[in-house]
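Breakdown of the fold
The residues making up each chain are set out below.
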Amino acid sequence: MINTIQKQLINAEINEWTILEKKSRSRELFFIRKDLDMNRSKDVSSFTVTVFKDYSEDCKNYRGSATVVLGNNMTEEEISEKLKTAIYSASFVRNAYYPIPSYANPQVSENSGRLSERDLMPVLSEITESLFKNDSHSEGGINSAEIFVNQYEFHFVSSKGTDVSYKQNRGEIELICDWNKADKSVELYNMFSFADYSPSLIEDECRTQIEQCRFRAEAGNAAKIESVNIVLRDYAVREMMDFYRIHSNVQGIFEGTARGEKGKIFQGEDVKGDLLDIILDPALPHSPFSSPIDKDGVELKKIQLFEKGKLLRYQGSQQYSHYMEEEASGLIPNIVVESGSHSVDDWKKEPYVEIMTFSDFQMDPMTGDFGGEIRLAIYFDGEKSIPISGASISACLFDVQKEMYLSKERLDIENYSGPRYLMFPGGTISGE
């Protein structure tokens, strides 16, 4: 099929292009309580073709591009029509000229985990067993669950000579747990993904969610709490750390939306808390997004982004790196953050609010505003711990980052490896 597409690209006199072939195999299970309600599988292939058209106006060089997705069963005539439409669309795109990456030859390490096995049904059985292992309570447990396991094979070729094949595996679980008391019923939703089957990860996610449901059923509505240490955890911490990657992105720098300045400490002067050390690692073992190249064909390598809070370099796409005359790092999805200086237990000797889960944590990538409605939090008033719910929190990372602390305890989830907890003092919980 790739040869057919290349032939049609030549016929259409398209000189610069990229093709990404993607083969997907997936197996899916849907549970109501512990009963299997439905299973589904699919095997599909697609070809994402990007074409480039160069032209000049007023002695300036421009490059347009357009992308089309082709099916595996399309005829040569259908492919030709799609490509003609794409090159026509590209003629309306007015970007300053930039080159596409030249020949790349990255080292590709094949994933040898359980999700890479050809027959996925035995792996699904093991994942199911891990998921329901801790569902043993009479008052609550798993309400419904959906398990997805996906195998991807990619083949990237370009007019500049790049020809790379690699694989990705991705498991996903959508989980709704509930807890029912005589006068109160609650439920919590969670979705998490992984690159390989890890019994401990799945068992812990399920056990934690059921336990949080039980606490939430016991929780009362929160009163307003002022000037207290706020402890955030898990996915909220990941979102906050990703904020720093966004503000080092070369496209954001070029367009004036990112605030990072190379060589300067992003958190400002006189930082009292932990200074950030951040690495982008395209080959993070547990990440389902690890890849040897990005969508443009840039070969991805591990880079140090922040060191002791100082932004060392910009990162991002080939196009905007060229505009900024920076070495292109490519689009690296995985972020690794160095541990902090304290254990979470150190922070729990004084009054604090630990937010266990939000209804929908929001992190504005431009303004730094973050917060959301609190589904469940634990408030320690100095004497006793009280589960609370129904309150909300809002703050700005630009205000918080001068005195925020990262935990020694670490977390490996999806595209993140770093501190599990983040604490900042002087927070306010709005309640009744």
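Residues numbered from 1 in each chain as written. Predicted model: local features only at pLDDT ≥ 70, side-chain atom pairs only at ≥ 80, totals over all residues. Heavy atoms only, no water.

**Here's the deal with the pairing of strand E2 (residues 35–57)**
Looking at chain direction, strand E1 (residues 16–32) and E2 are connected through 17 bridges and run antiparallel. Following the sheet pairing, Ser 24 is matched in E2 by Val 44. Here E2 runs beside strand E3 (residues 60–71); their pairing, made up of 12 bridges, is antiparallel. Bridge pairing in E3 places Asp 54 opposite Arg 63. (Pairing = 2+ DSSP bridges. Helix = DSSP H or I, 4+ residues; strand = E, 2+ residues; numbered from the N terminus.)

**Description of the sheet that holds strand E13 (residues 335–337)**
Strand order in the open sheet formed by 6 strands is E12-E11-E10-E13-E21-E20, and the pairing between neighbours is mixed. Edge positions in the sheet fall to strand E12 (310–311) and strand E20 (410–413), since each of these pairs with one other strand and no more. Where E20 and strand E21 (residues 416–419) come together, 4 bridges link them in antiparallel fashion. The residue bridging Ile 413 from the neighbouring strand is Tyr 416, located in E21.

**Focus: the packing of helix H1 (residues 2–11) against helix H2 (residues 76–90)**
Taken N-terminus to C-terminus, the directions of H1 and H2 make an angle of 50°; their axes are 10 Å apart at the nearest point. The angle between the axes of H1 and H2 places the two elements in the oblique class. Judged by the twist between their axes, the crossing of H1 over H2 is right-handed. Contact residues: H1 offers Thr 4, Ile 5, Lys 7, Gln 8 and Leu 9, while H2 offers Glu 76, Ile 79, Ser 80 and Leu 83. (Axes fitted to C-alpha atoms, helices over the stretch in contact; angles between N-to-C directions. Parallel < 35°, antiparallel > 145°, perpendicular 65-115°, else oblique. Left-handed = near helix turned anticlockwise from the far one by under 90°. Contact = heavy atoms within 4.5 Å.)

**Here's the deal with the sheet that holds E3**
With antiparallel pairing, 7 strands are arranged side by side in an open sheet as E4-E3-E2-E1-E5-E6-E7. With partners counted over all chains shown, the strands left at the sheet margins are strand E4 (95–96) and strand E7 (185–194), one partner each. Across 10 bridges, strand E6 (residues 163–180) lies against E7 in antiparallel orientation. Counterpart to Ile 176 in the pairing with E7 is Tyr 189. On top of the sheet, H1 reaches E1, E2, E3 and strand E5 (140–158); it is set at about 140° to E1, its chief contact.

**Some details on unusual backbone geometry**
Even without being glycine, Glu 13 reaches a positive phi, approximately 60°. Among the secondary structure elements, Glu 13 is positioned in the loop between H1 and E1. Exposure remark for Glu 13: the relative accessible area of 68% places this residue in the exposed category. Notably, Ser 227 is not glycine yet its phi reads approximately 45°, a positive angle. Relative to the helices and strands, Ser 227 resides in strand E9 (residues 225–233). Judged by relative accessible area, which is 61%, Ser 227 ranks as exposed. (Buried < 20%, exposed > 50% of the residue type's maximum accessible area, 1.4 Å probe, protein only.)

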